[in-house]
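Take a look at the letters that make up each chain.
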Amino acid sequence: MKLLYNHYKVTTMPVRATITNLFQEVAREQQRQLAPLTDDLKLLKCGLDSLSFALIVARLEDALGYDPFDTAESFPVTFGDFVKLYEARAV
Amino acid sequence: MALWDSVIGAAAKRGGALIGAGRAVPLAALAQVSCLAGRLEALRGRCVLIAVRDAFTAAILLLELDGVARRMVLCTPDLQREHLPHVVRCAQADVWLSDSPQNGPPAGVELDFAVEADAQPVPLPPGLQRPFHRADCQAATEWVLLTSGTTGAPKLVAHTLASLTSAFAGERAQGAAPVWSTFYDIRRYGGLQIYLRALHAGSLLLASAGETITDYLARASAAGVTHISGTPSHWRKALMSGAAERFSPAYVRLSGEIADQGILDALRAAFPRAVVAHAFASTEAGVAFEVRDGRAGFPATLVGTSERGVELDVSRGTLRVRSPGNASAYLGDGAPPLEDSEGFVDLGDRLELREGRYYFAGRSGGIINVGGLKVHPEEVEAVINSHPGVRMSLVRPRRNPITGAVVAADVVLVEGAGAGSTADERIRKEILDACRTTLAAHKVPALIRFVPSLEMSPSGKLVRPSA
């Protein structure tokens, strides 16, 4: 099936900026108050729920072209861990 | 045998306890207390709808009413009030049991009377003694569980204590008594299994409404929980909380959703000394089997009849279960039969055989499971198709490491509707706005892509993807 147009095109933006943008976009959509995204922010304290994380991971896969969770040895706990997980795969 | 007998016969003697947030009752002490006290007799032979908020109170009430009530309907705390008249009607409930005036019966529901349980168990009044059920009680109490239905209204699934305990009845405890806990509410099948297992042998720590996952796991760890269960989504959330690091259970169980290799490996790494088991169970079929080898799917050798009389059949491409754990019926006028003509419950999970092992390959009915919540694609397609710029759409699951799956939509626009990316963006936003207005959050497509066409079958139906 040929795609006419895909909103989440593979991006050339740095991984961290892409992730930050998506956290903010999903928080807006889900009407959730997002805490300031510092590296030591616990993901479960950032204001998003499981569904929001699921949306972020799905859209990141489209934006970056990969899903690092399929080979991840541990789940990210902080925002910094989350960014690192994606950056490690980008190299 | 009623539930009380099995408690007296097993866990109470060994010193088990029911543990809530900030309170605990030794199981043996439950013989002297009641949340219903003098009102219990009025519930004898009745069909009681249990609409209490507090899981701790519910845990005691189930114990009190089994063998006394004719039927107990276990309402989950998130059950929407609009569905309550349907539940009362299908169950033919005649008594409403709540734990506060806020969760009393809705107006217009026909009942004989309503009872409010005490939030804290009180000493039994003189003259009332355990067991409450009569030794000559012939008919076992029916346990009715609610499960999500196709139209949004829950389906009512009738069990007996015998069918609910068939996966472990008669098991002899080995070693120290386990301390069980579960992320589930005990009024759902997965949670009820843990409640009953704990009363059968061990203690039970109950999660508390509104408690964060970090607080719950800290409490579980401090209380020495050894056996703990939840869905893969519960577990992913637990691992992301970081709270699992300070917790060292001996047995970690997954059920309620398909466990993929990723979550099994992550749990193995997080809990190196635990047995990580995934159980396959449903409210209708009961517990079919448990897999302990740490791998997704299940060995083909499980197909056939187990020692416990559980028959697994895969000859029709989906998993079918005939077992003493099967529920007896759906309740309500016009309710469909629960079992097929051969007495099997078809779970609708399609299977693929690869190298001696069966793997789950999606649902035959196309139902999407988003973190344990069901989504019927047709329901979402109906909303998308109501947009004037949309010709047709196909809603499908997309694999996701956080919730197992999310909803994705392929949309074909009417000619001229999507001319260029700006127009596409406007339509995408309008579709999403319509979905957010009318659908629950987990049903709103996570991704929408515009496609030139969708595949149709010769009979003119949309060809739905197999996984």
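Note that this is a predicted model, so its numbers are computed, not measured.

The subject of this paragraph is the overall build of chain A. When helices and strands are counted, chain A shows 3 helices and 0 strands. Restricting to contacts in chain A with at least 6 residues of sequence separation, those with at least 24 account for 58%.

This part is about the interface of chain A and chain B. Facing the 27 residues of chain A at the interface are 30 residues of chain B. Counted by class, the side of chain A that touches chain B contains 16 nonpolar, 5 polar and 6 charged residues.

All names here are of chain B. Two numbers describe how helix H9 (residues 377–385) lies on helix H10 (residues 421–438): the axes approach to 9 Å, and their chain directions differ by 130°. With respect to their mutual orientation, H9 and H10 come out oblique. Crossing geometry of H9 relative to H10 is assigned as right-handed. Across from Val-380, Val-383 and Ile-384 in H9, the residues of H10 making contact are Ile-431, Ala-434, Cys-435 and Thr-438.

Moving on, we get to the domain arrangement of chain B. All names here are of chain B. For chain B, the assigned domains read domain 1 (3–349) and domain 2 (368–450). Placing a centre on the C-alpha atoms of domain 1 and another on those of domain 2 gives a separation of 35 Å. If you look at the interface, domain 1 gives 10 residues, while domain 2 gives 9 residues. Of the residues assigned to the side of domain 1 that touches domain 2, the class counts are 2 nonpolar, 6 polar and 2 charged.

With that settled, consider the environment of Leu-204 of chain B. Residue and element names in this part refer to chain B. Position of Leu-204 relative to the elements: it lies in strand S12 (residues 203–205). The exposure class assigned to Leu-204 is buried, which follows from the 27 C-beta atoms found within 10 Å. On a C-alpha basis, the gap between Leu-204 and Arg-253 in space is 15 Å, while along the polypeptide they are 49 residues apart. Those residues in contact with Leu-204 that lie beyond four places of it in its chain are Leu-18, Ile-19, Trp-180, Ser-181, Tyr-195 and Ala-198.

Once that is clear, we can look at the pairing of strand S10 (residues 155–160) of chain B. A regular strand places its side chains so that they alternate between the two faces of the sheet. All names here are of chain B. Pairing analysis gives 6 bridges linking strand S9 (residues 142–147) to S10, with the strands arranged antiparallel. Bridged to Leu-145 within S10 is Val-157. Two strands pair when backbone bridges link them, and S10 and strand S21 (residues 329–330) are joined in this way by 2 bridges, in the antiparallel orientation. Bridge pairing links Val-157 to Tyr-330 in S21.

Turning next to the sheet that holds strand S5 (residues 71–74) of chain B. Residues and elements named next belong to chain B. In spatial order, the strands read S7-S6-S4-S5-S9-S10-S21; together these 7 strands make up an open sheet with mixed pairing. On the outer flanks of this sheet lie strand S7 (113–116) and S21, each paired with one strand and no other. Where strand S4 (residues 47–50) lies against strand S6 (residues 95–98), 3 bridges are found, and the strand directions are parallel. Paired with Val-48 across the two strands is Val-95, which belongs to S6.

Turning next to the sheet that holds strand S28 (residues 447–450) of chain B. The 3 strands lie next to each other as S26-S27-S28 (chain B), forming an open sheet whose pairing is mixed. Looking at which strands have only one partner, the edges of the open sheet turn out to be strand S26 (390–400) and S28 of chain B. Within this sheet the neighbouring strands show an average axis-to-axis angle of 25°, counted without direction. Relative to strand S27 (residues 404–413) of chain B, S26 of chain B is paired through 10 bridges, and the arrangement is antiparallel. In the strand pairing of S27 of chain B, Pro-397 of chain B is matched with Val-407 of chain B. Strand contacts of helix H2 (residues 50–64) of chain A: S26, S27 and S28 of chain B, with the helix running at about 100° to S26 of chain B, the strand carrying the most contacts.

What counts and how
Per chain, residue numbering runs from 1 following the sequence as it is written. Key to labels: chains lettered from A, ligands numbered from 1, both in the order written. Totals for whole chains, interfaces and linings use every residue, but because this is a predicted model, local features are given only for residues with pLDDT of at least 70 and side-chain atom pairs only at 80 or more, for both listing and counting. Going along the chain from the N terminus, every DSSP run of H or I of four or more residues is numbered as a helix, and every run of E of two or more is numbered as a strand. Placing C-beta atoms from the backbone, we regard two residues as in contact once those atoms come within 7 Å. Here the term charged refers only to Asp, Glu, Lys and Arg, the term nonpolar to Ala, Val, Leu, Ile, Met, Phe, Trp, Tyr, Cys and Pro, and the term polar to all other amino acids, Gly among them. For every element, the axis is a line fit to its C-alpha atoms; helices are fit only across the contacting stretch, and the angle between N-to-C directions ranges from 0 to 180 degrees. Orientation labels follow simple angle bins: below 35 degrees gives roughly parallel, above 145 gives roughly antiparallel, 65 to 115 gives roughly perpendicular, and whatever is left gives oblique. If you view the pair so one helix is near and one far, a crossing is left-handed when the near helix is turned anticlockwise from the far one by less than a right angle, and right-handed when it is turned clockwise. Start and end points for every domain follow an automatic or database-based domain assignment. Comment: burial labels come from other C-beta atoms within 10 Å of the residue's own C-beta, placed from the backbone, where a count of 20 or more is buried, 12 or fewer is exposed, and between is partly exposed. Strands pair, by our definition, only if DSSP identifies at least two bridges between them.

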